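Breakdown of the fold
Spelled out, the chains give:
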Amino acid sequence: MNGKATTTRTRLDRGRSALGPALELVHTGRAPTRAVLTAELGVTRATAGAVAAELEALGLIRVDARPGAGAGAQGRPSHRLTVDEHGPVALAAQIHADGFRAALVGLGGRIVATAPGCVEVTADPAQVLEAVVAVGARLLHDSGRRCVGAGLAVPSAVAEPEGTALNPLHLAWPPGAPVRQVFADLVRDAGIEGPAFAGNDVNLTALAEHRHGAGRGAQHLLCVATGHRGVGGALVLDGRLHTGSSGLALEVGHLTVRPEGRPCHCGSRGCLDVETDPLAFLTAAGRTPGPEVSLLQQARDLLRDEPRDPSVRAAVEELVDRLGLGLAGLVNILNPDRIILGGLHRELLAADPERLRAVVADRSLWGRSGGVPILGCTLPHNSLAGAAELAWQPVLDDPLGALATASRV
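All values derive from a computational prediction rather than experimental measurement.

Section: the pattern of salt bridges
In the structure shown here, the tally under the stated rule is 20 salt bridges. In this structure, Arg 304 engages Asp 301 in a salt bridge whose closest nitrogen and oxygen atoms are separated by 3.2 Å. Of this pair, Arg 304 and Asp 301 both sit in helix α10 (residues 295-305), 3 residues apart, roughly one helical turn. Under the relative-accessibility criterion, Arg 304 is labelled exposed at 54%.

Quick notes on the environment of Ser 245
Considering the arrangement of structural elements, one finds Ser 245 in the loop between β12 (240-241) and α8 (272-275). In this structure Ser 245 comes out as exposed when scored by relative accessible area, which is 82%. Between the C-alpha atoms of Ser 245 and His 228, which are 17 residues apart in sequence, the distance is 28 Å.

Here we look at the sheet that holds strand β10 (residues 220-226)
Paired through backbone hydrogen bonds, the strands of a sheet run either parallel or antiparallel to each other. With mixed pairing, 5 strands are arranged side by side in an open sheet as β12-β11-β10-β13-β14. Only two strands of the sheet have a single neighbouring strand rather than two, namely β12 and β14 (374-376). Both strand β11 (residues 231-237) and β12 contribute to a ladder of 2 bridges, which runs antiparallel. By the bridge assignment for β12, Leu 237 is matched with Arg 240. Helix α11 (residues 310-334) rests against β10, β11 and β13 (338-343) of the sheet, and its axis sits at about 155° to β10.

Some details on the nonpolar core
Val 224, Phe 281, Leu 327, Ile 339, Leu 341 and Leu 356 are the most contacted members of the largest nonpolar core, which has 36 residues in total. When residues of this core are traced back to their parent elements, those giving at least two are β10, β11, α9 (278-284), α10, α11, β13, α12 (344-351) and α13 (353-363). Per-element accounting of this core gives the leading share, 9 residues, to α11. The contact partners of Leu 341, leaving out residues within four places of it in the chain, are Val 224, Leu 323, Leu 327, Arg 346, Leu 349, Leu 356, Ile 374, Leu 375, Gly 376 and Cys 377. Listed in part, the 34 residues of the second largest apolar core include Ala 126, Val 128, Leu 129 and Val 179.

As for the pairing of strand β4 (residues 99-105)
Across the 7 residues that make up β4, a large majority, 6, are buried. Two elements, strand β3 (residues 89-96) and β4, share 7 bridges in a ladder whose sense is antiparallel. Residue pairing across strands places Ala 92 opposite Ala 103, the latter belonging to β4. In this structure, the hairpin formed by β3 and β4 is closed by a connection of 2 residues. Across 6 bridges, β4 lies against strand β5 (residues 111-117) in antiparallel orientation. Bridge pairing in β5 links Val 105 to Ile 111. Between β4 and β5, which pair antiparallel in sequence order, lie 5 residues; one of them, Gly 108, sits at a positive phi of approximately 80°.

Details of the packing of α11 against α13
Taken N-terminus to C-terminus, the directions of α11 and α13 make an angle of 40°; their axes are 8 Å apart at the nearest point. Classed by the angle they form, the pair α11 and α13 counts as oblique. Seen from above, α11 lies across α13 with right-handed handedness. Listed contacts from α13 to Glu 317, Val 320, Asp 321, Leu 323, Gly 324, Leu 325, Leu 327, Ala 328, Val 331 and Asn 332 of α11 are Arg 355, Leu 356, Val 359, Val 360 and Arg 363. A class-by-class count of the residues in the contact of α11 with α13 yields 9 nonpolar, 2 polar and 4 charged.

Thresholds applied
- Residues numbered from 1 in each chain as written.
- Predicted model: local features only at pLDDT ≥ 70, side-chain atom pairs only at ≥ 80, totals over all residues.
- Heavy atoms only, no water.
- Salt bridge = Lys/Arg side-chain N within 4 Å of Asp/Glu carboxyl O.
- Helix = DSSP H or I, 4+ residues; strand = E, 2+ residues; numbered from the N terminus.
- Buried < 20%, exposed > 50% of the residue type's maximum accessible area, 1.4 Å probe, protein only.
- Pairing = 2+ DSSP bridges.
- Contact = heavy atoms within 4.5 Å.
- Axes fitted to C-alpha atoms, helices over the stretch in contact; angles between N-to-C directions.
- Core = buried A, V, L, I, M, F, W, Y, C linked by side-chain atoms within 4.5 Å.
- Parallel < 35°, antiparallel > 145°, perpendicular 65-115°, else oblique.
- Left-handed = near helix turned anticlockwise from the far one by under 90°.
- Nonpolar A, V, L, I, M, F, W, Y, C, P; charged D, E, K, R; others polar.

Structure follows, in structure tokens:
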């Protein structure tokens, strides 16, 4: 081995522990250039260069040694770093009351391919998960991409470390269904590489939005969202999901906002879960839901097509007030520095942002002291992107070890 190669290898050995942190910086868009990567890692330029070269050799990032200098820039521009658009992918899936959606997701939260599935979700989780994995396997085959693992988003609290769905209130699954194990077995049997994971859909929405979307840069991020049915919440603290002692934290859907309101699946009444979801909106607007498309899509269509209809406006105000009351209670307890809203809640925010912000400010101690930014989620298919983050995490922690393990699975 010549002296130059020996020096390069020494630098790489010295910086090998920085491979994971470096990949996460590029993955989340926080290191667009090698100069920024050097500063963020606190290493020498040579070590940062060796680390970037190794990540490029693994097929994870691209290093552009000849980026164009911006107008008025002085000196030699730094190497540009981007995720490899043709690199490995994670298989991601989301289960909802009307079926599922599967996707392939690359680094940077990029959706490479996606396919919906409309099936009846029966009491046996294997029934829908078999369909999910079959669609995912076809996507992988058609793409020709390497798979690093699989992640599953479900509308239920997922107990840790067992991976059981404890309260799938809007699915026919029994409480405690072992969804992670069933999913992992099916993924393995299909010959799909890498480990398999499962998590709550809103937790995963928050994780994806924190890394790639509206939550980027927040230190204490609160996410509240309603999808096809029900309401969920999540908290990201200093870049990590706060899931509690066993994965069950932030079941915000069961905050009471109307003591005399609708009966909730949890046994209480007037919970956010049944007072601010798509069915509640359609009911408040005097519309009878149809079977053609999902409740969420029907609610979105109504907001889009008839925004000035008096009954629609009244329904918006009614649900905004209920949602604002729930958010105010969460602000008093959690003191977040940002709130992001997903699903129908994002559309309600867009329909009447000032009313929602005023309710939160008026009903919360911290809101009165200066206000908490409330934003809509920005990522398409953010639960899928979050499910993929579960599969990407081992690679972000140890790129060399995870890719070597995945290739042996």
